[in-house]
Amino acid sequence: MEENEDVEKVDSDEDIKDEVVEENIIEENEVNNIQNDNEKIIDDIEVIDESKIDANDDEIKVKEEQEDPIEDIEEEQEEPIEDVKDKKVNLFDRLKQGLTKAKQGITDRIDDVLKSYTKVDEELLEELEEILITADVGVNTTMDIVEQLRDKIKEKKITDPMDVRVELKTIVENILTNDNSTLDVEHSPTIILMVGVNGVGKTTTIGKLANRYRQEGKKVLLAAGDTFRAAAIEQLEVWASRSNVDIIKHQEGADPGAVVFDAVKAAKARNVDLLICDTAGRLHNKANLMNELGKVFKIVDREFPEAKKEVLLVVDATTGQNAVVQAKTFKEVADITGIVLTKLDGTAKGGVVLAVKSEVDVPVKLIGVGEKVEDLQDFDAKSFSDALFGN
């Protein structure tokens, strides 16, 4: 009996010991859990405090911005001015880049000649004359330039060959300067009739103009009047889609006059600011040209007398003197108000600008110096001469 009691006592003692150990383990776990919870709470508090600090900082910044609205207004007013200035600089840079080949073909060669001379004499003038003629300035225009240069040399008693360059630049700028060289479409409605032979970039020029004036907020409508050239209508449709403007078209081979007639009616009905009409570019002979263009002009004069009319002749600068011939031919059958000279970036004979202006006596209003929309630029005599002569 006693032994049993002793055994039971030992068992009970061991049970008590085990319970104590288990309780200690539980307590240690609870302590660890509490410590972990405390650390988590502390971390959460730190995060909350940091977010409050950030929020406070944001509030302070907002208050500071609200407290000084005058500076914000001044900054907002200054930005557009800088944008306009940058835009002008970028356009001039693109002009310089586009005239790189022309500069190499004209002014770089002139500089080489001037550097090789130590005095100004007739031999120097003859070399300058040769450079200008080979750069497609044209014989008549070249003779006029050299004669003016000769007079300036005598008048100012110029002896330094490099001073001749300054006078030459001034003469070139004066020849190109024209009070009517800006394409003015401020009057609403305005109609632009684009004429020129196939392949000179007529349709592309129309697309670029549509894009430009659409960006300026004008309501533009296109007329696909070149119904004879394959894919001309489709090409103009692509440009209309790109520029988000409407287009009036007929089937291929239709009468161009009928297309223009419908376009004028649509322009009136839709209160369009600017109607740009493509025309047939076939140049089989002057009679056909006169008949086709004459019909279009009569329709415009009769149906759209309230519109300001611009007739722009598009010529390809890479064709050189042939561009001058085209300009003279079209001038005989159409009252051309301005010339668009495309692809100037693709020729070293940029002197054709001078030839067209002086021999045809029609102002150059637009020049193309690249493939992008912004590469179709308004012609400015000073900017052109500055870019050509590297200023």
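Figured I'd write up the structure that's included with this text. Because the structure is a prediction, the values reported are computed rather than measured.

1. A word on the packing of helix 6 (residues 139-156) against helix 13 (residues 352-360)
The description of two packed helices rests on the angle between their axes and on the distance between the axes.
Phase 1 of the analysis: Where helix 6 contacts helix 13, the two axes come as close as 9 Å, and the packing angle between them is 90 degrees. One finds that helix 6 runs roughly perpendicular with respect to helix 13. Along its contact with helix 6, which presents V139, N140, T141 and I145, the element helix 13 presents L354, A355, S358 and E359.

2. Some points on the side chain of D111
Phase 1 of the analysis: By the secondary structure assignment, D111 is in helix 4 (residues 107-115).
Phase 2 of the analysis: Engagement of the side chain of D111 in a polar contact is seen with the side chain of R165, the distance being 2.6 Å.

3. Comments concerning the nonpolar core
Phase 1 of the analysis: In this structure, L128, L222, L275, I276, L344, I367 and F384 are the most contacted members of the largest nonpolar core, which totals 103 residues.
Phase 2 of the analysis: Those residues in contact with I276 that lie beyond four places of it in its chain are I192, M194, I206, L209, A210, V220, L221, L222 and A223.

4. A word on the environment of M194
Phase 1 of the analysis: Examined against the element boundaries, M194 turns out to sit in strand 1 (residues 190-195).
Phase 2 of the analysis: Taking the C-alpha atoms as reference points, M194 and T205, separated by eleven residues in sequence, lie 8.9 Å from one another.
Phase 3 of the analysis: Not counting residues up to four positions away in its chain, the partners in contact with M194 are K202, T205, I206, L209, I276, C277, D278, T279, L312 and V314.

5. Overview of the pairing of strand 7 (residues 364-368)
Phase 1 of the analysis: Most of strand 7 is tucked away, with five of its five residues classed as buried.
Phase 2 of the analysis: Note that the unit made of strand 6 (residues 338-342), helix 13 and strand 7 has a crossover that is right-handed.
Phase 3 of the analysis: Here strand 7 runs beside strand 8 (residues 376-378); their pairing, made up of three bridges, is antiparallel. Note on strand 8: the bridge partner recorded for I367 is Q377.

6. Digging into the environment of E332
Phase 1 of the analysis: Residue position: E332 is located in helix 12 (residues 321-333).
Phase 2 of the analysis: Exposure remark for E332: the relative accessible area of 53% places this residue in the exposed category.
Phase 3 of the analysis: For the pair formed by E332 and M290, sequence separation is 42 residues and the distance between their alpha carbons is 8.9 Å.

7. Remarks on the packing of aromatic side chains
Phase 1 of the analysis: Summed over the entire model, instances satisfying the criterion amount to one aromatic pair.
Phase 2 of the analysis: We note R212 situated over the ring of Y213; from NZ or CZ to the ring centre the distance is 5.6 Å.
Phase 3 of the analysis: Of note, R242 hangs over the ring of W239, and the distance from its end group to the ring centre comes to 4.7 Å.

Rules of the game
- Residues numbered from 1 in each chain as written.
- Predicted model: local features only at pLDDT ≥ 70, side-chain atom pairs only at ≥ 80, totals over all residues.
- Heavy atoms only, no water.
- Axes fitted to C-alpha atoms, helices over the stretch in contact; angles between N-to-C directions.
- Helix = DSSP H or I, 4+ residues; strand = E, 2+ residues; numbered from the N terminus.
- Parallel < 35°, antiparallel > 145°, perpendicular 65-115°, else oblique.
- Contact = heavy atoms within 4.5 Å.
- Polar contact = N/O pair within 3.5 Å; in protein donor to acceptor, adjacent residues only side chain to side chain.
- Core = buried A, V, L, I, M, F, W, Y, C linked by side-chain atoms within 4.5 Å.
- Buried < 20%, exposed > 50% of the residue type's maximum accessible area, 1.4 Å probe, protein only.
- Right-handed = clockwise from strand over helix to strand, strands pointing away.
- Pairing = 2+ DSSP bridges.
- Phe/Tyr/Trp six-rings, centres within 6.5 Å; stacked < 30°, edge-to-face > 60°.
- Lys NZ or Arg CZ within 6 Å of the ring centre and 35° of its normal.

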